[in-house]
Amino acid sequence: MSPSVLTTDIRPTQFFITIREGRSNTSSFEWEAGRWQVRHVSIPSKSFSETFTPGIEVSDYEQCLVSVHCCHRHRVIGIQMKTVVDLVFASQDIAQSLNAVNGKRTLRLAEGKLQVVVSASETLYRPETGKLVPFSDSILHTCPRFRLLVMGKDGVGKSSLIARAFKIRSLRFYEACQRQDGIDTELIFQENDKVVLHNSRNLVPGTDNSVEGFLTRRQSMPELKDRVHAVWLCLGIPRANEPLFDEDTKRFIERRKQLLGDTPLVIVFTKLDLLVGKIESESFGDQEDPEPWDLEEYLRDELEKACIQPLQELAGTDIPNVAISVQEGYESTIEQLLEVTAGKVDRYVANEAAMAALMAQRASISLKLSNSISVGKKRHWRGLASGSKFLGYVLKDCLDVIHTEIVSCWNFEDPNRYLISDQFKTLMLNMVANTDTRDLPDVDEEEVGFGVSVASAIIGIRGTAVRVVLPIAANIMLVGWAYDLYQYSGTVLSQCIAYIVDLIAIMQLLFLLTPQGHMTIPAIKLAITAYSMAGINEVHSRIKDHYENPHNLLTLGTRDQALDMIVRLIKETSIKSEELVSLRARLGDLGKLQRDDPRYGWDDDDE
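Residues numbered from 1 in each chain as written. Predicted model: local features only at pLDDT ≥ 70, side-chain atom pairs only at ≥ 80, totals over all residues. Heavy atoms only, no water.

(A) Up close: the overall build of the protein chain. Counting secondary structure elements, the protein chain contains 22 helices and 15 strands. The buried share among the 607 residues of the protein chain stands at 52%. In the protein chain, of all internal contacts separated by at least 6 residues, the share reaching a separation of at least 24 is 74%. Of the roughly 28500 Å² of accessible surface on the protein chain, 48% is carried by carbon and sulfur atoms. (Helix = DSSP H or I, 4+ residues; strand = E, 2+ residues; numbered from the N terminus. Buried < 20%, exposed > 50% of the residue type's maximum accessible area, 1.4 Å probe, protein only. Contact = heavy atoms within 4.5 Å. Areas by Shrake-Rupley, 256 points an atom, 1.4 Å probe, with all protein chains shown as cover.)

The following block contains the structure:
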């Protein structure tokens, strides 16, 4: 059964366009939203209105564009000049607007002397099921998997790259490549089914299994989910005087625009660590510890000479490229590759495909954080202050949909579905039962970052200083508030904010504790206990202090007030990508946490 998509009955029915002052005349305007387009509606004077019957229906997350074409006479040279002013807004901006005229919500847009007022139906349309739908479901309905074509010869490091980027076991990927019938074979793996891979070693044109034939077939498919979203062309950094390209690779790069169209191609120069080792041996052999900036300068020069310059001579400067290594200490190179890829996919393919790519990746905690914020902003986090998304729903249902969105973004290997279980949700509700600070010991009086604080807490817990026993049974005195209807109040808003920030903090700790991404009950319980010791007091105090301030209560309906606080608290309680290796080194062996032990369940004492 395919997921339903929540739509808002934002049927923009009227446009009022006025020039407040000046000599400009507005000649026409265009409107675009999803599949709806209204082009070149003529405007006879400085004031204009247009009514659409029936209204233009757009989904809750679609971006809308009003382009107003203006013309004026240049004061000096006297010729007629034309200007196009683009006004962009999201459909939910209308739903959350506090302005209402004659029973309709209105949104005012302004650019210089131009003013546009969009009027729309105020009512909200819910799915027939009456259930809130996570925005992540909308993404996955359109693009359930990130589809990536990986090209390159055997031995160039493709299997190790896939293992690092998506936490798919390199041996499984290698064996699947050996068994595949051809490039059309979809390689989907149980440990991470959010990415579908195609492997190619054959660049020879004119064959059914060639990249050319494959791309022609795939790019002609009508559905986004079936088309290739990005291509990684893996090339080993040359040794000595080896050429960077063979003839087939050259021909592919030269014909890339014809073959790929808008599909992004990223050149991946692999085994950067070998080049670094060569430079250290040849240029710094007599130095025990060369200065980092000297090494970086040599490395840039070598990459420029061996890789960048030959690529630019062949194809110009428009092909993104990243030099990577899968060895420890080079994690930032994998993150850079993923960030570049997602950015190009977002720009040239579709936002849904880019978000699917960020869900699929399991190498970068920073990209997970930014994608969680982006998904939250698309729908439900924006609805907290005004209640436009949640009015009429039980608060627990509202928190459940937020919970599902966040967990989907992090995409852990969770075959037992622990992270969406009632037990885990109960733990989260108990954690935010109120925003009172807790009487828990401070890990360290010295002011340190969030990552160091929680790592210190974890070390203390694993050293038997704290026993990991957590209350799973739903205590009606603690979580009874979650079964009330969502209402417009500082208490409800603070509980929702706390739930979001707390859950994303737990996701970060699980990312830290499970390097391979496999989820277990002991890891979850350890993450919750560590956060309760090292992070929750500061977060809940900030929220409580804000919403107990009478001035802030007076501005409760400010559209982005709650959203601003959520984003700010998430960024302040974040683990940085560059911290992960050192933090994991402090924690020692984490292998036990990644194994499910039948002796320990949700209600047992983990030793």
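(B) Looking closely at the environment of Ile267. With respect to the helices, strands and loops of the structure, Ile267 is situated in strand β14 (residues 265-270). With relative accessibility at 0%, the residue Ile267 sits in the buried group. On a C-alpha basis, the gap between Ile267 and Leu337 in space is 9.4 Å, while along the polypeptide they are 70 residues apart.

(C) Region of interest: helix α12 (residues 365-378). Helix length check: α12 (14 residues) gives 20 Å between terminal C-alpha atoms against 20 Å at 1.5 Å per residue, within 8%. For α12, the set of buried residues is Ile365, Leu367, Lys368, Leu369, Asn371, Ser372, Ile373, Val375 and Gly376. Capping of α12 at its N-terminal end is provided by Ser364; its side-chain oxygen lies 3.4 Å from the backbone amide nitrogen of Ser366. (Expected span 1.5 Å × (residues − 1). Polar contact = N/O pair within 3.5 Å; in protein donor to acceptor, adjacent residues only side chain to side chain.)

(D) Molecular detail of the layout of surface pockets. In this structure, the second largest pocket spans a volume of roughly 800 Å³. Every residue lining the second largest pocket is counted, 33 residues in all, and those nearest its centre are Arg164, Lys167, Glu331, Pro515 and Arg584. Broken down by secondary-structure element, the contributors of at least two residues to the lining of the second largest pocket are α3 (158-166), α10 (331-348) and α22 (580-587). Looking at the lining of the second largest pocket residue by residue, the class counts come to 13 nonpolar, 10 polar and 10 charged. (1 Å grid on protein atoms, 1.4 Å probe; cavity = no way out; pocket = protein on both sides within 12 Å on 5 of 7 lines; lining within 4 Å. Points joined across faces, edges and corners; volume = space filled by probe spheres on them. Nonpolar A, V, L, I, M, F, W, Y, C, P; charged D, E, K, R; others polar.)

(E) Examining unusual backbone geometry more closely. Positive phi, normally seen in glycine, also occurs at Lys271, with a value near 60°. With respect to the helices and strands, the residue Lys271 is situated in the loop between β14 and α8 (272-283). Judged by relative accessible area, which is 35%, Lys271 ranks as partly exposed.

(F) Fine view of the packing of helix α14 (residues 422-431) against helix α18 (residues 521-534). Between α14 and α18, whose axes approach to 12 Å, the crossing angle comes to 5°. With respect to α18, the element α14 is oriented roughly parallel. Residues Phe424, Leu427 and Met431 of α14 form the contact with α18, whose participating residues are Ile524, Ile528, Tyr531 and Ser532. (Axes fitted to C-alpha atoms, helices over the stretch in contact; angles between N-to-C directions. Parallel < 35°, antiparallel > 145°, perpendicular 65-115°, else oblique.)

(G) Broad picture of the pattern of salt bridges. Taken as a whole and judged by the stated rule, the model has 19 salt bridges. Lys305 is the partner of Glu302 in a salt bridge, and the nearest nitrogen-oxygen pair spans 3.7 Å. With Glu302 and Lys305 both in helix α9 (residues 292-315) and 3 residues apart, this pair spans about one turn of that helix. Taking the relative accessible area as the measure of exposure, Lys305 reaches 55% and is therefore exposed. A salt bridge links Glu538 to Arg542, with the nearest nitrogen and oxygen atoms 3.8 Å apart. Here Glu538 and its partner Arg542 are both found in helix α19 (residues 536-547), 4 residues apart, which amounts to about one turn of the helix. You can call Arg542 partly exposed: its relative accessible area is 28%. Through salt bridges with shared partners, one network takes in Arg169, Arg172, Glu191 and Glu413. (Salt bridge = Lys/Arg side-chain N within 4 Å of Asp/Glu carboxyl O.)

(H) Examining the packing of helix α13 (residues 395-410) against α14 more closely. For the pair α13 and α14, the least separation of the axes is 12 Å and the interaxial angle reads 115°. Classified by the angle their axes make, α13 and α14 are roughly perpendicular. Here α13 and α14 pass one another in a crossing that is right-handed. Touching Lys396, Leu399, Asp400 and His403 of α13 are Phe424, Lys425, Met428 and Leu429, all from α14. (Left-handed = near helix turned anticlockwise from the far one by under 90°.)

(I) Structural context of the packing of aromatic side chains. Tallying each qualifying case throughout the model produces 6 aromatic pairs. Ring centres 6.0 Å apart and planes at 20° place the aromatic pair Phe166 and Trp232 in the stacked group. Pair noted here: Phe166 is in helix α3 and Trp232 is in strand β13 (residues 230-236), with a separation of 66 residues, a long-range link. As far as the burial class goes, Phe166 and Trp232 line up, both buried. Relative to Phe189, the ring of Phe173 lies with its centre 6.4 Å away and its plane at 55°, an arrangement referred to as tilted. In this pair, Phe173 is assigned in helix α4 (residues 170-179) and Phe189 in strand β11 (residues 187-189), connecting sequence segments 16 residues apart. Relative accessible area serves as the criterion here: at 1%, Phe173 is assigned to the buried category. An aromatic cluster is built from Trp410, Phe412 and Phe511, whose rings are joined through pairwise contacts. (Phe/Tyr/Trp six-rings, centres within 6.5 Å; stacked < 30°, edge-to-face > 60°.)

(J) Here's a closer look at the pairing of strand β12 (residues 192-200). For β12, a buried count of 7 out of 9 residues is recorded, marking the element as mostly surrounded by other parts of the structure. The sheet contact formed by β11 and β12 spans 2 bridges and is antiparallel. Residue pairing for β12: Phe189 is matched across the bridge by Asn192. Following β11, the chain reverses through 2 residues before pairing antiparallel with β12. (Pairing = 2+ DSSP bridges.)

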